[in-house]
Every structure is written in structure tokens, then in C-alpha cells.
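Report on the structure
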Amino acid sequence: MKISIRRSRRAAIAVALGSVLALTATACGDDGSGAGGDKGNEGSGKGQITFWDNNGGVRTDVWKEIIADFEKANPDIKVKYVGIPSDSIQSKYDTAIQGGGLPDVGGVGAAMLAGVAAQNALEPLDARLKGSSLNGKLTPGMIDSVRSAGGGDELFTIPTSANNGTLWYRTDLFEAAKLDPPTTWSKFYAAADKLTDASKNKFGYTIRGGEGSIAQALDAMYGQSGITSFWKDTKTTVNDPKNVEALEKYTALFKKDTPSADVNNDFKKMVAQWDSGDIGMLSHNLGSYQDHLKALKGKFRGIPNPTQDDGTRVQVSNPVDGLGLFKSSKNKTASWKFIEFAVSHASNSKWNESAGAIPSNTEAAKDAWIQSAEATKLAAESLNSGTIKIVQLPYYLPDWNTISKADNEPNFQKVLLKKMSAKEFLDTLAEQLNAAQAEWNEQMG
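Now for a quick tour of the structure. Residue positions within a chain follow its written sequence, with the count starting from 1. With the structure being a predicted model, the display of local features is reserved for residues of pLDDT at least 70 and the display and counting of side-chain atom pairs for 80 or more, all residues being used for whole-chain, interface and lining totals. As a rule here, side-chain values cover all heavy atoms of the structure and leave hydrogens and water aside.

**Some remarks on helix 19 (residues 422–444)**
- Secondary structure follows DSSP: runs of H or I at least 4 residues long count as helices, runs of E at least 2 residues long count as strands, and numbering of each begins at the N terminus. Expected helix span is taken as 1.5 Å per residue step, with the number of steps being one fewer than the number of residues. With 23 residues, helix 19 should cover 33 Å at 1.5 Å per step; its first-to-last C-alpha distance of 32 Å lies within 8% of that length.
- Exposed residues in this analysis have more than 50% of their type's maximum accessible area, buried residues have under 20%, and partly exposed residues fall in between, with area computed by a 1.4 Å probe over protein chains only. Inspection of helix 19 places Ala422, Phe425, Leu426, Leu429, Ala430, Gln432, Leu433, Asn434, Ala436, Gln437, Glu439 and Trp440 among the buried residues, and these make up the whole buried set.

Structure (C-alpha cells):
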């Protein structure tokens, strides 16, 4: 466990709760030079603002289109775009909060929202939304999700999109092997085995062993175990015996029905490997749809994660992405205009069509492209079916991102390599989560 990170998170919680810790305010200008705790001001509504994209590279092109549209509609405002890879965005925010250099507007996903908000860096947005053209046009469930992730009281981001765990599979390979679509976990495992011929470098599945592995493993684990709550009283259910058994079965796929290189797979490597090779199935969210479309044309489908044999569908919550306005901004008026524009019908539809994600804007969610994007349509129908069981991950814990990434991704690799048992891995994860939850409960009184 990384004690220095833990201490910084605890300090952050103390700031958010009004404790004696105070962050030193530094001078900041329109270039986004503020630090956490700086008050900023409304500004003139003109000039330059800085925007940090929290998935730089992957979504750079569509953001530049939206920025160009915004600047055409608002010629007195210029937006400086800074694309930051998703695997380094949290550390960038943490560094800027302490030392200066925060943007005016930034992408803040629900998984890291609590940690950023707890450091007093984000502007509460309830009042601005109430007086906005967006009021009443955002999906209530997404609003609830980001409010909960930020601590439960104030709204610190305007949601832009929701994602969903998706099982992508090669329809050509399934048809050739006379396999049913992998709609249940039983069919999934049978297909993974039948489609594997390691001697010909053909595999049934590609598993995520590198960055971002924990969320995917949890999704597979709870989906199989059928456990529907992350907490039982004050303790997490991650190391429940049913979950241990499920994870043992899932990780046993490694090197048997998956390539050995999967131990280092982040999502980019995993997606590229699936798109270019002879691998039957891939677990990833809706965001890789465009990549598959370009590489595989009509030879694939994306369906919601498998159900149990009786049709019960359990999955973990997917973090809702959103845009935050930083307190240190010296031009909050212009920054809020940009957020409003980015989440308006046309822009929100454009962004989500590019990403294959579910729009937060209810008008955008009715657009024609969703009907033709089968994976997105099925995901939205599944989420809105009323029968799905969602295991709500504790994004509100300021330690969540650290625990689920830096602390335990290396341990998950050890499980794949059989250097750590699934039980030992989950017991370690549970110990950290229980401590973080106890600390949160204590701080909240």
C-alpha cells in the first residue's frame, strides 16, 4: 500500500470537510495557472480559456471539431486544447492542484471525481445548471451518478456520457465454428475454449492484464457470482467466496485461451490486438466501436456482458464522464459557456457518436445514429430495462482510483502469472477498501 498517496488523499478529504488544513492560494490568470483552493472569478466572458481533455489522443479529433464550432459561435472566446492520456490525468490534476497550472475546464470521470473534488478544486455547478439551457435536458440517472461520485451533495461535473461493459465478438469466427452468440457465461467459456488453437496463434479471448484491468475483472467477477451489492454492512463483498471462485475461473483463461502477451494489455493494446488478429472475443466498453468498425467492417457484434444461465444480468457500474469547472478559473463565465456548448444537443451527439457512448443530453439520445449503432442501442436498452442488477462501485471514496489502479493492478498481474492466488488478491483488495470506507464514514460523521 502506498502510504504517501494515502496521506495525501486523507489531507484532501480534510480540506473538503472544512478542517484545519488550508491550501495556499496563488495568483492565477486566464491561462489556467491556478492551484486547488484558489477562488478565481467570473471574468469578462471573453478571451482564452484552457481545456484539459482527460482522454487525449483517443478523442482529440472530435474535441477539436467541437472547439472549432464553439469558437465560430463565440468569436470572443478562444479555447486552448490540452490532450492528456487517460492513464496520467489523475496525477496531472493532483500535481496542478498542489502546485498550480489547473485548467479552466477539464474532463473528470466519476472514478476520479471524489479525489479532485475533495481537494477543493472544483466549482459546485447546481446553481449554474439551474439557470442554464441544459436544465431538464440531462439524463437524471447520470446526474445522480456524478453527484454521488462527488460525495453525494453538490454537483461538481456536468455529465457528458455513460459507458457500458460490452462483449465484442467475431461473428465470422463464431459462425464458422457453429457457436451460439456468447450471451451467457456458460456460452462465453465454451466459445473461448473452442476458438483457441494456440499452435496457429488463434485464441478465444483476450484478457486485460495491464492498466485498467481491475474494473474489467470486477465486472466479470460480479457478473458470474450474482452478488448485487459492493458492501454488506460495513465490509466489501469483493472477497466473498462466490467472487473468489468466479475470479479463479476467469483468470484461468490466461495463456490457456488467451495470448500470453495479455499480461501487459492496456485497452489500446488489447483493442489493436483484437482488431488485427484471430481472437474470438474482447471485453471492453462501447468506446472502441469505431476502431472495430474500421478494422473488421461487418464481421463483429457488441452485446452487453453475458448473463447467468437463468438470464440474470449483474454488472458493475460504469463511471460517467463529465466536464468540471475549476474554482481557480479567472474566466468562469466563458468557461461555463464552453461547458454548456459541449453538452448541448448537437455537440453531445457528435462526441458520443464518435465514442460510441450513451449521450447525457436527452435530445442527443434520440438521434438516429444510436438506432444504427447496435452495441450502443443494446447497452442503453439493457441499462434502462429495469431488470439489470447494478453493483455500484464506490467512486465516492477519494482512495478509490488509487486502490483500483496503482495499488492492485500489479497484484492482478501476479494472479495471472500464478504468483498470487485469487483469494489473496481479493483479500488484499478488501482490506484496503474496508479501511477506506471506515475512514470515509468517520469523516462524514
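What follows continues from the structure just given.
**What to know about helix 11 (residues 267–276)**
- Residues of helix 11 that are buried: Phe267, Met270, Val271, Trp274 and Asp275. Viewed end-on, helix 11 has its buried residues packed into an arc of 125°, placing them on one side of the element.
- Definition of a polar contact: a pair of N or O atoms within 3.5 Å, with one able to donate and the other able to accept a hydrogen when the atoms are protein atoms, and with sequence-neighbouring residues admitted only if both atoms are side-chain atoms. Here helix 11 starts with a cap whose side-chain oxygen sits 3.2 Å from the backbone nitrogen of Lys268, and that cap is Asp266. The arc under discussion is defined with respect to the helix axis, by the directions toward the C-beta atoms.

**What about the sheet that holds strand 10 (residues 300–304)?**
- Across the sheet, four strands lie side by side as 6-9-5-10; this open sheet has mixed pairing. Strands at the two margins of the open sheet, each flanked by one partner only, are strand 6 (203–206) and strand 10. Direction aside, the axes of adjacent strands within the sheet are offset by 20° on average.
- When checking whether two residues touch, look at their non-hydrogen atoms; a contact exists if any pair is within 4.5 Å. Angles here are taken between N-to-C directions and fall from 0 to 180 degrees, while the axes themselves are lines fitted to C-alpha atoms, restricted in helices to the stretch in contact. Sitting on the sheet, helix 8 (residues 185–194) touches strand 5 (165–170), strand 6 and strand 9 (279–285), and the angle it makes with strand 6 is about 125°.
- Contacts between helix 12 (residues 289–296) and the sheet are confined to strand 5, strand 9 and strand 10, with strand 10 contributing the most and set at about 155° to the helix. Here the rule is simple: two strands pair whenever DSSP picks up at least two bridges between them.

**Some remarks on the pattern of salt bridges**
- For this analysis, a salt bridge means a side-chain nitrogen from Lys or Arg found within 4 Å of a carboxyl oxygen belonging to Asp or Glu. Taken as a whole and judged by the stated rule, the model has 16 salt bridges.
- A salt bridge links Glu211 to Arg208, with the nearest nitrogen and oxygen atoms 3.9 Å apart.
- Under the relative-accessibility criterion, Glu211 is labelled partly exposed at 24%.
- Three or more residues joined by partner-sharing salt bridges are found here, namely Glu42, Glu123, Arg128 and Lys332.

**Focus: the pairing of strand 4 (residues 158–162)**
- Counting buried positions over the five residues of strand 4 gives five, a clear majority of the element.
- Summarising the sheet, strand 4 and strand 12 (residues 321–325) pair through three bridges and their orientation is antiparallel. Following the sheet pairing, Ser161 is matched in strand 12 by Asp321.
- Here two bridges tie strand 4 to strand 13 (residues 358–359), and the two strands are oriented antiparallel to one another. The residue of strand 13 that forms the bridge with Ala162 is Ile358.

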